[in-house]
Amino acid sequence: MTITFITGANKGLGRETARRLIECGHTVLVGARNREQGEEAAAALGARYVPIDVRDDASVATAAANVAEHEGRIDVLINNAGVHGAVGDPGDLTAADALAVFDVNLIGVVRTTTAFLPLLRRSDDPVIVNVSSGMGSLALTHDPDRPESHVVAPLYTSSKAALTMLTTQYAKGLKDIRVNAADPGYTATDLNGHSGPQTVTEGTDAIVALATEGPGAGTGRFVSRHGEMAWS
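Residues numbered from 1 in each chain as written. Predicted model: local features only at pLDDT ≥ 70, side-chain atom pairs only at ≥ 80, totals over all residues. Heavy atoms only, no water.

Right, let's get into the pattern of salt bridges. Using the criterion set out here, one finds 17 salt bridges in the structure. One salt bridge in this structure joins Arg73 and Asp75, with 3.0 Å as the shortest N-O distance. Residue classification places Asp75 among the buried residues on the basis of a relative accessible area of 9%. One salt bridge in this structure joins Arg178 and Asp125, with 2.9 Å as the shortest N-O distance. With Arg178 in strand β6 (residues 178–182) and Asp125 in the loop between α5 (107–120) and β5 (127–131), the pair connects residues that are 53 residues apart, well separated along the chain. Residue classification places Arg178 among the buried residues on the basis of a relative accessible area of 6%. For Asp125, a relative accessible area of 22% gives the class partly exposed. One network of salt bridges, with partners in common, ties together Asp125, Arg178, Glu213, Arg221 and Glu228. (Salt bridge = Lys/Arg side-chain N within 4 Å of Asp/Glu carboxyl O. Buried < 20%, exposed > 50% of the residue type's maximum accessible area, 1.4 Å probe, protein only. Helix = DSSP H or I, 4+ residues; strand = E, 2+ residues; numbered from the N terminus.)

Below, the structure written as structure tokens:
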């Protein structure tokens, strides 16, 4: 049975991904820093809750040790936890603002991936899915016909651009693991005040597709629910 660990799985895209993967037969581990919400989500979904705060080295190490003790391995790691940060005029941004967003959206992925690599390498077909965004695409954010071009969210967009590059580097460097990025699209979640036109189910299509591909599927790809995207 495929064992999948998802960060930020207590709500939104993470929770819906967990629900859908359980329907696909995965054993899902709900990772979340809020214990009450994490335990509630796990109980409702039929999953196991694992406390994790991707901003904290000790918390991430403890989560990996927890999984090593109980499951012994994972087959799929979904780096989903994310924050949005300030929207609008970037003139008031501070270094603290930037550190707070990058600490979750980028550095948190590095922390979690490094900690869980030994567990992934016990799998016959290890997979990493990084939940990125078309908001981090230079092409899409410069295309006036795309909604991504009409939003000023300097820290979120730049952190997701960095995450897509990190994904390509992991894909090149981790030869034994399939590493891809997913673009959920503009989905109604807490992250955007539920303003997106897509449902969370539509928003998780690409994530679920990447998490359920069979052995031999490609690595180093950026995928939306409509298919592969260019990295630019």
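Looking now at the side chain of Glu16. The residue Glu16 is located in helix α1 (residues 12–23) in this model. For Glu16, a relative accessible area of 10% translates into the label buried. A polar atom in the side chain of Glu16 sits 2.6 Å from the side chain of Arg19. Look past the residues within four positions of Glu16 in its chain and what remains in contact with it is Val200, Thr201 and Thr204. (Polar contact = N/O pair within 3.5 Å; in protein donor to acceptor, adjacent residues only side chain to side chain. Contact = heavy atoms within 4.5 Å.)

Burial runs high along β6: five of the five residues are buried. Across the two faces of β6 the burial is the same, with Arg178, Asn180 and Ala182 and Val179 and Ala181 all buried. Where β5 lies against β6, five bridges are found, and the strand directions are parallel. Each residue of the ladder has a partner; that of Val127, found in β6, is Arg178. A crossover links β5 with its parallel partner β6, the connecting element being helix α6 (residues 154–173), and its sense is right-handed. (Pairing = 2+ DSSP bridges. Right-handed = clockwise from strand over helix to strand, strands pointing away.)

Mapped onto the fold, Ala115 is located in helix α5. A residue is classified by how much of its surface remains accessible, and Ala115, at 25% relative accessible area, is partly exposed. For the pair Ala115 and Asp57, spaced 58 residues apart in sequence, the C-alpha to C-alpha distance is 9.0 Å. Beyond its immediate chain neighbours, meaning those up to four positions away, Ala115 contacts Val60 and Ala64.

Glancing now at the sheet that holds strand β7 (residues 222–224). Hydrogen bonds along the backbone pair up the strands of a sheet, which may run parallel or antiparallel. With respect to topology, eight strands assemble into an open sheet ordered β3-β2-β1-β4-β5-β6-β7-β8, the strand pairing being mixed. Two strands close off the open sheet at either side, each with one partner strand: β3 (48–51) and β8 (227–229). Here the average twist between neighbouring strands, direction ignored, is 25 degrees. Bridge count between strand β4 (residues 76–79) and β5: four bridges; the pairing is parallel. By the bridge assignment for β5, Leu77 is matched with Ile128. Where helix α2 (residues 35–45) meets the sheet, its contacts fall on β2 (27–32) and β3, and the angle it forms with β3 comes to roughly 160 degrees. Against the sheet, α5 contacts β1 (3–6), β4 and β5, and its axis sits at roughly 175 degrees relative to β4. (Axes fitted to C-alpha atoms, helices over the stretch in contact; angles between N-to-C directions.)

Here we take up the layout of surface pockets. Roughly 180 Å³ of internal volume is contained in the second largest pocket. Lining the second largest pocket we find 14 residues, and of these Thr2, Asp75, Val76, Asp125 and Glu213 sit closest to its centre. Residue composition of the lining of the second largest pocket, grouped by class: four nonpolar, four polar and six charged. (1 Å grid on protein atoms, 1.4 Å probe; cavity = no way out; pocket = protein on both sides within 12 Å on 5 of 7 lines; lining within 4 Å. Points joined across faces, edges and corners; volume = space filled by probe spheres on them. Nonpolar A, V, L, I, M, F, W, Y, C, P; charged D, E, K, R; others polar.)

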